Amino acid sequence: MLVEVKDLTKRFGKLTAANGVHFSIPAGEAFGLLGPNGAGKTTTVSMMCGLVVPSGGDVVIDGHSILRDPMAVRRVIGVVPQDVALYPTLSARENLTFFARMQDVPANILASRVDAVLDIVQLADRQKDRVETYSGGMKRRINIAVGLLNQPKLLILDEPTVGVDPQSRNSILETLKELNRQGMTLLYTSHYMEEVEFFAPTSPSSTMAGSLQTARRKTCDFRPATRTLSVCSSSGKLTTPSATALRRCREWILSNSATR
Ligand SMILES: Nc1ncnc2c1ncn2[C@@H]1O[C@H](COP(=O)(O)OP(=O)(O)OP(=O)(O)O)[C@@H](O)[C@H]1O
Ligand SMILES: [Mg+2]
């Protein structure tokens with residue numbers, strides 16, 4: 001198992017935000033963490049990232065305990081927070097360069113790493129523009145690019161499509177599906193079952209765990225010929241995804257073990 005969440009509990013005073021949450025995720029799977037507002041989704045993923053200290057339980061990712069070795073966990077995860085966390089007066093490229101340095105991406109590969117994530121989220125042509133001039137959907141895509149900078153084994157996304165229009169949402173979901181198809185493990189929180197179904201249109205095996213309703217889906221297994229992909233380009237025009245973007249996704253996964 002790549003991820004094991006064991007009896008994870010968080011109490012804020014008298015409020016129990018997460019109560020004995022328990023699940024595991026095999027490598028390569030897309031895992032949906034579903035629940036309504038206030039269910040404890042953000043609290044749970046924050047504990048998994050080491051941002052919130054659990055009141056009880058543990059999280060083991062790639063063999064490392066978040067309690068005993070949080071730095072080792074952070075090296076193998078990418079995090080896309082619910083609230084867009086970018087510097088608005090910096091350009092997308094400046095933001096990505098800053099976050100890459102924060103994540104200790106080696107200086108000699110930093111520029112190519114930034115190029116790669118810009119290609120994956122299809123915003124290379126707008127990289128020099130200040131983020132404050134971006135649409136909401138474009139900010140969300142750069143937020144995802146930040147999560148990809150360290151080439152994570154596990155990408156944790158906390159409601160990455162909130163507040164974006166259907167075209168941008170489609171673009172984001174297609175990009176994530178491609179990353180998953182190429183082998184990246186995803187943990188995806190959402191209010192919407194349909195978003196999880198998008199990743200894995202096979203019959204679900206559902207489990208109830210702790211105070212969160214979790215639904216687990218098998219990794220999607222689309223053959224290229226049967227996939228219908230349409231994404232929104234940064235210019236707002238509806239296009240099929242560029243071959244470059246899809247190739248970048250593939251290269252990204254294949255180069256994981258070599259360059260991490
Ligand atoms: N730092 C905190 N201090 C006190 N209470 C908190 C804190 N963080 C979260 N909570 C509470 O924990 C509960 C779960 O919140 P959380 O943000 O995890 O829910 P969520 O499932 O992510 O909701 P949403 O879908 O609205 O994002 C809520 O009642 C919230 O008020
Ligand atoms: Mg939340």
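Bear in mind that the values here come from a model prediction, so they are computed numbers and not experimental data. (Residues numbered from 1 in each chain as written. Chains lettered and ligands numbered in written order. Predicted model: local features only at pLDDT ≥ 70, side-chain atom pairs only at ≥ 80, totals over all residues.)

(A) Structural context of the overall build of the chain. Secondary structure summary: the chain contains nine helices and twelve strands in total. Split into buried and exposed, the 260 residues of the chain put 45% on the buried side. Partitioning the intrachain contacts of the chain with sequence separation of at least 6 by distance along the chain shows that 70% fall at a separation of at least 24. (Helix = DSSP H or I, 4+ residues; strand = E, 2+ residues; numbered from the N terminus. Buried ≥ 20, exposed ≤ 12 C-beta atoms within 10 Å, placed from the backbone. Contact = placed C-beta atoms within 7 Å.)

(B) Here's a closer look at the sheet that holds strand 2 (residues 15-25). An order of 2-1-4-5 is seen for the four strands of this open sheet, with the pairing classed as antiparallel. The open sheet has two free edges, formed respectively by strand 2 and strand 5 (64-65), since each of these has just one partner strand. Pairing of strand 1 (residues 3-12) with strand 2, which is carried by seven bridges, proceeds in the antiparallel orientation. In the strand pairing of strand 2, Glu 4 is matched with Ser 24. Contacts between helix 1 (residues 41-49) and the sheet are confined to strand 1, strand 2 and strand 4 (56-61), with strand 1 contributing the most and set at about 120 degrees to the helix. (Pairing = 2+ DSSP bridges. Axes fitted to C-alpha atoms, helices over the stretch in contact; angles between N-to-C directions.)

(C) Quick peek at the site of ligand 1. Neighbouring ligand 1 are Phe 12, Leu 15, Ala 17, Gly 35, Asn 37, Gly 38, Ala 39, Gly 40, Lys 41, Thr 42, Thr 43 and Gln 82. Counting only elements with at least two residues in the shell around ligand 1, the list comes to strand 2 and helix 1. When residues in the shell around ligand 1 are grouped by element, the largest group, three residues, is from helix 1. Looking at side-chain class alone, the shell around ligand 1 contains four nonpolar, seven polar and one charged residues. (Near = placed C-beta within 6 Å. Nonpolar A, V, L, I, M, F, W, Y, C, P; charged D, E, K, R; others polar.)

(D) Quick look at the environment of Phe 31. On the secondary structure map, Phe 31 appears in strand 3 (residues 30-34). Taking the C-beta count within 10 Å as the criterion, Phe 31 has 26 such neighbours and is therefore assigned buried. Distance from Phe 31 to Leu 187, taken between C-alpha atoms, is 4.9 Å for residues 156 residues apart in sequence.

(E) Representation of the pairing of strand 8 (residues 185-190) within the structure. Summarising burial for strand 8: six of the six residues are buried, a large majority. Two elements, strand 3 and strand 8, share five bridges in a ladder whose sense is parallel. Residue pairing across strands places Leu 33 opposite Thr 189, the latter belonging to strand 8. Looking at chain direction, strand 7 (residues 154-158) and strand 8 are connected through five bridges and run parallel. Residue Ile 156 lies in a different strand from strand 8, and its bridge partner there is Leu 187. With helix 6 (residues 166-181) bridging strand 7 and its parallel neighbour strand 8, the resulting β-α-β unit is right-handed. (Right-handed = clockwise from strand over helix to strand, strands pointing away.)

(F) Quick peek at unusual backbone geometry. Its identity is not glycine, yet Asp 62 carries a phi of approximately 55 degrees, on the positive side. Relative to the helices and strands, Asp 62 resides in the loop between strand 4 and strand 5. Its identity as a non-glycine residue notwithstanding, Glu 159 has a phi of 50 degrees, on the positive side. As for its position among the elements, Glu 159 is in the loop between strand 7 and helix 6. Here Glu 159 falls in the buried class, since 21 other C-beta atoms lie within 10 Å of it.

(G) Seen up close, helix 3 (residues 92-102). Those residues of helix 3 that fall on the buried side of the exposure criterion are Ala 92, Asn 95, Leu 96, Phe 99 and Ala 100. Buried residues of helix 3 fall within an arc of 130 degrees about the axis and therefore sit on the same side. Those residues of helix 3 that are buried lie in contact with helix 4 (107-120) and helix 5 (136-148). Once helix 3 finishes, Asp 104 follows within two positions and takes phi at roughly 60 degrees, a positive value. (Arc of directions from axis to C-beta.)

(H) Region of interest: helix 5. Taking 1.5 Å per residue as the helical rise, helix 5 with its 13 residues ought to reach 18 Å, and the 19 Å between its terminal C-alpha atoms agrees with that figure. Where burial is concerned, most of helix 5 is hidden: eleven out of the 13 residues are buried. If you check which residues of helix 5 are buried, you get Gly 137, Met 138, Lys 139, Arg 140, Arg 141, Ile 142, Asn 143, Ile 144, Ala 145, Val 146 and Leu 148. For helix 5, the secondary structure elements touched by its buried residues are strand 6 (77-80), helix 3, helix 4 and helix 6. (Expected span 1.5 Å × (residues − 1).)

(I) Structural view of the nonpolar core. The biggest cluster of nonpolar side chains holds 56 residues, and the ones touching the most others in it are Leu 96, Val 117, Ile 142, Ala 145, Ile 156, Leu 186 and Leu 187. Considering each element in turn, this core owes the most residues, six residues, to helix 5. Apart from residues no more than four positions distant in its own chain, Leu 186 is found in contact with Ala 30, Phe 31, Leu 155, Leu 157, Leu 176 and Asn 180. (Core = buried A, V, L, I, M, F, W, Y, C linked by C-beta atoms within 7 Å.)

In short, shape yes, function no, at least from these values alone.
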